[in-house]
Every structure is written in structure tokens, then in C-alpha cells.
Amino acid sequence: MSEQTTTGTTGLPAPAPAGTAVPPLEVVVVTYRSRDLVDRCLGSALAHTPPGTRVHVVDNGSTDGTVEHVRARYPDVAVTVRPDNPGFAVANNLVLRSVRAPVVLLLNPDCELHAGTVDHLLARLAAEPDVGVLGCRLLTADGTLDHAAKRMIPSPLEAARYFAARVVGRRGGRYTAPDLDEHASGDVDAVNGAFMLVRTSALAEVGLLDEAYWMYGEDLDWCTRFRRAGWRVVYDGTVSSTHLKGGSAGVRSVRLNYHFHRSMARYYRTHGGAPVPVRAAVTGAVWARFAAVATVDTARRALAAAPGGRRAA
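Notes on the structure in this doc start here.

## Observations regarding the overall build of the protein
Argument step 1. On a plain count of helices and strands, the protein comes out with 9 helices and 9 strands.
Argument step 2. In the protein, of all internal contacts separated by at least 6 residues, the share reaching a separation of at least 24 is 82%.
Argument step 3. In the structure as shown, the protein presents an accessible area of about 13,900 Å², 55% of it carried by carbon and sulfur atoms.

## Description of the side chain of Arg225
Argument step 1. Structurally, Arg225 is set in helix α7 (residues 218-228).
Argument step 2. With a relative accessible area of 0%, Arg225 lands in the buried category.
Argument step 3. Side-chain polar atoms of Arg225 contact the backbone oxygen of Leu208, separated by 2.8 Å.

## So, the environment of Ala21
Argument step 1. Position of Ala21 among the secondary structure elements: in the segment before β1 (26-31).
Argument step 2. Accessibility expressed as a relative area gives 69% for Ala21, which makes it exposed.

## Thoughts on the environment of Val55
Argument step 1. With respect to the helices, strands and loops of the structure, Val55 is situated in strand β2 (residues 54-60).
Argument step 2. Remark: the alpha-carbon pair of Val55 and Ala45, spanning 10 residues in sequence, is separated by 7.6 Å.
Argument step 3. The contact partners of Val55, leaving out residues within four places of it in the chain, are Val27, Leu42, Leu46, Asp76, Val77 and Ala78.

## Concerning helix α1 (residues 38-47)
Argument step 1. Considered for burial, the residues of α1 that qualify are Val38, Cys41, Leu42, Ser44 and Ala45. End-on view of α1: buried residues confined to an arc of 165°, all on one side of the axis.
Argument step 2. In this structure, the buried residues of α1 make contact with β1, β2, α2 (66-73), β4 (103-107) and β5 (111-113).

## Brief notes about the pairing of strand β3 (residues 78-82)
Argument step 1. Examined bridge by bridge, β2 and β3 share 5 bridges and lie parallel to one another. By the bridge assignment, Val57 is partnered in β3 with Val79.
Argument step 2. Crossover handedness for the path β2 to α2 to β3: right-handed.

## Side note on the pattern of salt bridges
Argument step 1. Overall, the coordinates contain 13 salt bridges when judged by the stated rule.
Argument step 2. Arg232 is paired through a salt bridge with Asp130; the nearest N and O atoms lie 3.3 Å apart. On the criterion of sequence distance, the pair formed by Arg232 in strand β9 (residues 232-243) and Asp130 in the loop between α4 (117-127) and β6 (131-139) is long-range, its members being 102 residues apart.
Argument step 3. The partly exposed category is assigned to Arg232, whose relative accessible area is 21%.

About the criteria used
Residues numbered from 1 in each chain as written. Predicted model: local features only at pLDDT ≥ 70, side-chain atom pairs only at ≥ 80, totals over all residues. Heavy atoms only, no water. Helix = DSSP H or I, 4+ residues; strand = E, 2+ residues; numbered from the N terminus. Contact = heavy atoms within 4.5 Å. Areas by Shrake-Rupley, 256 points an atom, 1.4 Å probe, with all protein chains shown as cover. Buried < 20%, exposed > 50% of the residue type's maximum accessible area, 1.4 Å probe, protein only. Polar contact = N/O pair within 3.5 Å; in protein donor to acceptor, adjacent residues only side chain to side chain. Arc of directions from axis to C-beta. Pairing = 2+ DSSP bridges. Right-handed = clockwise from strand over helix to strand, strands pointing away. Salt bridge = Lys/Arg side-chain N within 4 Å of Asp/Glu carboxyl O.

This is the structure:
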């Protein structure tokens, strides 16, 4: 399996010094104004992981008391505090550079682990040494599937058609890996970064998250790099966890929508493998959709702010 270097991948995990206790699993939770979410996440992480698991919280400049709350209620959780919000990849990489466990779980603060899920997935990693990344079935608050839990990445041409269709309000597409039942298990192009169980030896070969992604897309990029290095990316729908989708980020603002579209454009520039005209078509379609979304959102908020207008969601 060959190494592939991407921005932000330097400083990979080093072997633990002789005599150092090695935890069976490390969990990384990146928080940003997550005080109202983090209890269910951390409580489940401490309850439903193997004894000796090391749980980390990296806080990206919260001002809502998240850090103080975590330190007071979860003294065994390692807390790293940043004064700013440099993004999801940068925050996770702070821990990934020094992880000692053979497996690390990236977990969103709006996720809640279910009993038995992590144990099952760890046993699967032990039984299938060619699996680098594992995801599970993620259920939203109403019990329905978060379709981003299992994804098939469209070709550049399919992506261009998808984003162009979204500009005029059409939906659809195969990015949700529809051929794989949500309760089944199988190889996929990508799983959701909200719950991503990663083999540390594979991480040491593939590299860290690409810090050029501020938010969104870094999980697609990472899974693509794992697969290209020869590691399998697997969705296991026989076990589940809860994902209050959007809970850690809230409703997408224009800024978040900008970063989402910027990440998609970057992904296809980096991994498209298509002729320049096709990559240009993808980029154009992505930014056309962002322009449409931003225009509608701005108009909606202006209308809500007008006298007698309805409050924006």
C-alpha cells in the first residue's frame, strides 16, 4: 500500500514509548458551541467503549461554556482548547498526530453511541485486516437513516449534472449508495466523518485529514485516499448510532454553504481524474448552485427582517 501526501498530513502518529500504556481505542470529539449536545455524546462514549478508552475533546473557540462544562463533568476526558475555529480537519489532526491506540474514532458532538456498536466494529477490524475505515448506520432524531452514512462518490461528469440540476431545484443522484441496503454491510466509497472508526496503522500510511478543507468534504477526501492506498472503506449497517444531523453546525448559513460548495469544488479538482473541461464543468456547476442558494437565503432573511416579515429559520 502506497503513501499519498496531502496538505496537513505531516506529523503522523509515532509508536508509543516502551512501557507506555496503550489504550484500546481513542475517541476524538471536536466541539464548537456544543454545550447542549455534548453530554449525550460523551456520556455514551464513556459508557459504550472498551475499558481504558481515551476520550479527547478539541474545542474550537466556543463561547457558550462548552469547555468549562466538559472539564467539570468529565474530568477523565482530555480537553484541548483553541482560541479560534480553524475547522474540523485541523482540530482532529491535533489529536491524530499523537494517537497511541490501534484504532481511533472520530465522533461528532451531535452523535450518541449505542450499546454494542463500537465493540462489534472493533471485532470486525480485528477480523478483517484490510479494512482501514469503518462506519455504521447513523440514525437521525426521528429514527430515519442519515444517508451520508454510506456514500458513492459520483464521477466528475455525474457531479456536474447533479449540481447543475440542483440549481433549478431538481433532486436525486446516486451519492447515497442506494444499491446497499441500510441494514446491510459492504464496501462503499465513503462514510460520514460524524462517525468514522479508523485503523491507526492505515492512518500512518495514508496521512492526516487535509487541512485545506475547513468543513465538509474532508471525510470524502480521506476515504478516497484510504481506498487509493489499498485500504477498504466499509459501511456496517448491522449496528447503529444516533446522529442529530446538523446539530453541531446548526442550519447552514451562507458561510457554511460557501464552505460546503468550496469543499466539493476542491474535492473534484483534487480527485476528479477527468479532462480539464469536465473539471471546469464541475466547478462551474458547484459555484452556480452556491450562487442560487446564497441568493435565495439572502432574500429569505431580508424578507424575514422586514416589518411584518416572518422570522428566518
